[in-house]
Amino acid sequence: MVDRNGWARDHPVLTGSLQRPPAAFLEQANVTDSDIYDEFDERWPECWERAADLLAWDQPYETVLEDEDAPFYRWFADGQLNAAENCIDRHLENGRKTHTAIRWEGKHGERETYTYRDLYVATNEFAAALRSLGVDADDVVTIYLPMIPELPIAMLACARIGAPHSVVFAGLSADALATRMDAADSEYLVTCDGYYRRGDAFNQKSKADNARLEVDQDVRTVVVDRLGEEMPHVLGDDEYDYHDLQRKFAGETVDPVSRDAEDMLFLMYTSGTTGEPKGVVHTTGGYLSHVAWTTQAVLDVKPEDTYWCAADIGWITGHSYIVYGPLALGTTTVMYEGTPDYPDRDRLWEIVDRNAVDIFYTAPTAIRAFMKWGESYPNEHDLSSLRLLGTVGEPISPRPWQWYYEHVGNEECPIVDTWWQTETGAVTISTLPGVDEMKPGAAGPGLPGIDVQIVDDDGTEVEAGDSGYLTIAQPWPGMARTLYSGDDRFREEYWERFSNPEENEWRYGSGDAATIDDDGYITVLGRVDDVINVSGRRLGTMEIESAITDVDGVAEAAVVGRSSESNGTDIYAYVSTESGHSVDESGMSEMIERSIETAIGPMAKPKSILFTPELPKTRSGKIMRRLLEAVANGEELGDTSALRNPEIVGEIQAEIREE
Ligand code: WTA
């Protein structure tokens, strides 16, 4: 089977052999009962009560799953709860008031600690402030903040009053922010003056200002003063200073609003197969149950732990595993503002050492960088507090896995390779570290209660050893409920291809390809749709292509992924120019880069831009991206005779060889 993107070409799947997690870990793991898989199978869907029971419900649910309107599933639908109450208020009992909720590590060595009591006060005050600005239940509040404590505080303040948040990654551009605010009809924005990026003070407010000019609706804006004198700013109409509001509402409390389990907790925009980013809708009860359960069962987090997920809250990983999961369990979550190599390459290990971090969760792209920098950096520090390591965001091959295991975990910590997506809400494929053996290079089986199936084009499960599409054949509580732009697109994007509505058979298509081995362990190969995963960040090729074709003189563009040692995938752009347009290639490359930076953000800039007189096309005029991807990767091309312009392929190849 060869997909249009050609992923099934010749991916050699390399996995190590099964390894038992260290005995000392097994003795203390949260979940150790190997019957858990059978138990979930036999009691499905009621098995998911186990997750929901980790939460405090204002009104207990009676029905676990409603599936009459598949694929629009409803979980715990007749129950009511509040997410902020679950993440904060209930931990104030039992002497946990003074327990640290958030430990913040600033870029320049600043530190802040929020106990659960502090977090209670801060979120109540900000919830009161948001209300005073007119925010009501169901109003979407957009949050455009870097990794500062006000980010989770603002999210939880929204949750407290039942206003869904839409966090937009701080590195995205003004245009990207405006598109998301428009799409969500969001009339409220929380942002800041600026923040430190690579050592420099960077102006965030001006991006927010530009976005406000672009959106149709009036926007009330709260501005956090992060940089003080270093980034003076003036507040305009409808703009409020965060700290002024805090003073004004000092000591105020706001009762948490009971939400139906199916009420929206947040929106998270992500890249899909069209140019329009998708607003993925997550609900209160199912999402929080699934996130809390996986934080406990997969990441083995206990309330007394210090837990660190080194991701950005601007993406789903940070929502689920910096904010909601760890706080729902009442643990200490570390939040780090900076980068791994500032001021030096041992920065993360210094933070682990000083805070005695128990659990560390990061992305393979970071691990590949640590490996390149060498073991002397982790060796300089005492990492013996670590008990479990995790990875997420991309496939991790056996070599970096082994490096992580030896040099960070000292062969004493199991590694969980967790596969999931913005749309799945929480982890769906991983080993359970207290139950399963680990296999370097394979994520593991579907979690208990998650029916992962690798299928071929006809939707038939593939044999062990073969590859196919990664699908999920049963609903699960953390799953996205719909897309904000509408139910039709949700159906089309995820359900249509592999489901059989006449038979009422529904199967979620993840957009990933994978193989499954004799042990039932799944190795994810990568995306099969028009999404590329650069250093664990999801970018839509269509969005990048449209930013390129916005540039004067560009006729067409095709963006593909090229395998990369360090980033997993690099962006590779082929560009043809309008006929007769004389190209100064370097000038045009610069314009293209600027256009991408404006439309999306700097992280979407291509590693390489190749100018070509034409792009290879089928006779019906479709650009052959698969072929261009193979060319970029230096792979065999096979038969190109079906192309309208086969000669162009040779020219492109010759040019790449010259590079
Ligand atoms: C990829 C991030 C291999 C995959 C949580 C998926 C992975 C996309 C893994 C989702 C993993 C995530 N092994 N690939 N352990 N985890 N991916 O929505 O392609 O930002 O579809 O969610 O990342 O990216 P997203």
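Owing to the predicted nature of the structure, the values given are computational and were not obtained by experimental measurement. (Residues numbered from 1 in each chain as written. Predicted model: local features only at pLDDT ≥ 70, side-chain atom pairs only at ≥ 80, totals over all residues. Heavy atoms only, no water.)

(A) The arrangement of the pattern of salt bridges in detail. Enumeration according to the criterion identifies 36 salt bridges in this entry. Salt-bridge contacts for Glu262 lead to Arg481; the nearest nitrogen and oxygen are separated by 3.0 Å. Of this pair, Glu262 sits in the loop between β13 (259–260) and β14 (264–270) while Arg481 sits in the loop between β22 (467–472) and β23 (482–483), and the two are 219 residues apart along the sequence. Take Glu262: its relative accessible area is 16%, and that puts it in the buried class. A salt bridge links Arg625 to Glu545; the nearest nitrogen and oxygen atoms lie 2.7 Å apart. Of this pair, Arg625 sits in helix α19 (residues 625–632) while Glu545 sits in helix α17 (residues 541–549); the two residues are 80 residues apart in sequence, bridging distant segments of the chain. Of the residues examined, Glu545 reaches a relative accessible area of 7% and is grouped as buried. (Salt bridge = Lys/Arg side-chain N within 4 Å of Asp/Glu carboxyl O. Helix = DSSP H or I, 4+ residues; strand = E, 2+ residues; numbered from the N terminus. Buried < 20%, exposed > 50% of the residue type's maximum accessible area, 1.4 Å probe, protein only.)

(B) Spotlight on the sheet that holds β22. Strand order across the open sheet formed by 4 strands is β21-β22-β24-β25, with antiparallel pairing between neighbours. In this open sheet, the two strands that pair with only one neighbour each are β21 (452–455) and β25 (522–527). Strand-to-strand twist of the sheet, defined as the mean angle between neighbouring strand axes without regard to direction, takes the value 45°. (Pairing = 2+ DSSP bridges. Axes fitted to C-alpha atoms, helices over the stretch in contact; angles between N-to-C directions.)

(C) Highlighting the nonpolar core. Grouped together as the largest cluster of nonpolar side chains are 126 residues, with contacts concentrated most on Trp48, Phe126, Ile143, Tyr321 and Tyr324. What Trp48 contacts, discounting residues up to four positions off in sequence, is Phe40, Trp75, Phe76, His290, Trp293, Pro448, Gly449, Ile450, Trp476 and Pro477. Counting 35 residues, the second-largest nonpolar core is a separate cluster that includes Ala174, Leu177, Leu189 and Met588. (Core = buried A, V, L, I, M, F, W, Y, C linked by side-chain atoms within 4.5 Å. Contact = heavy atoms within 4.5 Å.)

(D) Here's a closer look at the environment of Thr317. You can see Thr317 is positioned in helix α11 (residues 316–328). Using a relative accessible area of 15% as the deciding quantity, one classes Thr317 as buried. Through-space distance from the C-alpha of Thr317 to that of Ala442 is 20 Å; in sequence the pair is 125 residues apart. Apart from the residues lying within four places of it in its own chain, the contact partners of Thr317 are Cys309, Ala311, Ile322, Tyr361, Val392 and Trp420.

(E) Region of the structure containing a negative patch on the surface. Residues Asp67, Glu68, Asp69, Asp487, Asp488, Glu492 and Glu496 make up a contiguous surface patch of negative charge. Asp67 gets classed as partly exposed once you look at its relative accessible area, which sits at 40%. (Patch = residues over 30% accessible without salt bridge, like charges linked within 9 Å, V, L, I, M, F, W, Y side chains within 5 Å. Areas by Shrake-Rupley, 256 points an atom, 1.4 Å probe, with all protein chains shown as cover. Lys, Arg positive; Asp, Glu negative; His and termini not counted. Charge placed at Lys NZ, Arg CZ, Asp CG, Glu CD.)

(F) Structural context of the pairing of strand β15 (residues 278–283). Most of β15 sits out of view: 6 of its 6 residues are buried. On β15, burial covers both faces: Lys278, Val280 and His282 on one face and Gly279, Val281 and Thr283 on the other are all buried. Relative to β15, β14 is paired through 6 bridges, and the arrangement is antiparallel. Its bridge partner being in β15, Met268 is matched across the sheet by Val280. Relative to β23, β15 runs antiparallel, the two sharing 2 bridges. Across the sheet, the residue bridging to Val281 is Thr482, located in β23.

(G) View of the site of the ligand. Lining the immediate environment of the ligand, one finds 17 residues, of which Asp417, Thr418, Thr422, Arg527 and Arg538 sit closest. Side-chain polar atom of Asp417 to a nitrogen atom of the ligand: 2.7 Å apart, as the coordinates give it. Within the side chain of Asn533, a nitrogen or oxygen atom sits 3.2 Å from an oxygen atom of the ligand. Calculation on the ligand without its partners gives an accessible area of 530 Å², and the protein chains cover 96% of this total. Residue classes in the shell around the ligand are distributed as 6 nonpolar, 6 polar and 5 charged. (Near = heavy atom within 4 Å. Polar contact = N/O pair within 3.5 Å; in protein donor to acceptor, adjacent residues only side chain to side chain. Nonpolar A, V, L, I, M, F, W, Y, C, P; charged D, E, K, R; others polar.)

(H) A look at the sheet that holds β14. The 8 strands are arranged β12-β11-β8-β6-β7-β14-β15-β23 in an open sheet whose pairing can be described as mixed. The outermost strands of the open sheet, each flanked by one partner alone, are β12 (239–241) and β23. As defined by bridge partners, strand β7 (residues 165–167) adjoins β14 across 2 bridges and the pair is classed as parallel. In the sheet register, His165 faces β14, and the bridge partner there is Phe266. On top of the sheet, helix α6 (residues 150–161) reaches β6 (141–143), β7, β8 (188–192), β11 (220–224) and β14; it is set at about 170° to β6, its chief contact.

(I) The arrangement of the UniProt feature "domain: Acetyl-coenzyme A synthetase N-terminal" (unreviewed entry) in the chain in detail. Per the UniProt record, "domain: Acetyl-coenzyme A synthetase N-terminal" (unreviewed entry) is found at residues 35–87. Helix makes up 30% of residues 35–87 and strand 11%, with an end-to-end C-alpha separation of 30 Å. (UniProt positions renumbered as here; feature names shortened; annotations may be inferred.)

(J) Layout of α6. Here α6 spans 16 Å end to end across 12 residues, near enough to the 16 Å set by a 1.5 Å rise per residue. Counting buried residues in α6 gives 12 out of 12 residues, a clear majority hidden from the surface. What α6 keeps buried is the set Glu150, Leu151, Pro152, Ile153, Ala154, Met155, Leu156, Ala157, Cys158, Ala159, Arg160 and Ile161. A positive phi of about 75° marks Gly162, the residue just after α6. (Expected span 1.5 Å × (residues − 1).)

(K) Main features of the environment of Gly449. Turning to its location among the elements, Gly449 is positioned in the loop between β20 (415–418) and β21. The sequence separation of Gly449 and Leu156 amounts to 293 residues, and the corresponding C-alpha distance is 29 Å.

(L) Local environment of the domain arrangement of the chain. For the chain, the assigned domains read domain 1 (1–82 + 284–481 + 504–525) and domain 2 (530–658). One C-alpha centre belongs to domain 1, the other to domain 2, and the line joining them spans 33 Å. (Domains from an automatic or database assignment.)

(M) Up close: the environment of Ala170. Summarising the element assignment, Ala170 is placed in the loop between β7 and α7 (174–183). Taking the relative accessible area as the measure of exposure, Ala170 reaches 3% and is therefore buried. Each C-alpha atom, one on Ala170 and one on Asn633, is 32 Å from the other, the two residues being 463 residues apart in sequence.

(N) Structural detail: the packing of aromatic side chains. Overall, the coordinates contain 30 aromatic pairs when judged by the stated rule. Taking 6.0 Å as the distance between ring centres and 90° as the angle between the ring planes, the aromatic pair formed by Trp308 and Tyr336 counts as edge-to-face. Here Trp308, found in strand β16 (residues 306–309), pairs with Tyr336, found in strand β17 (residues 332–336); they are 28 residues apart in sequence, far enough to count as distant. With a relative accessible area of 0%, Trp308 lands in the buried category. Tyr336 gets classed as buried once you look at its relative accessible area, which sits at 7%. Here the aromatic cluster, defined as three or more aromatic residues joined through ring pairs, consists of Phe72, Tyr73, Trp476, Phe490, Tyr494, Trp495 and Tyr508. Taking NZ or CZ as reference, Lys439 lies 5.1 Å from the ring centre of Tyr521, over its face. Sitting over the face of the ring of Tyr469, Arg497 holds its NZ or CZ atom 4.5 Å from the ring centroid. (Phe/Tyr/Trp six-rings, centres within 6.5 Å; stacked < 30°, edge-to-face > 60°. Lys NZ or Arg CZ within 6 Å of the ring centre and 35° of its normal.)

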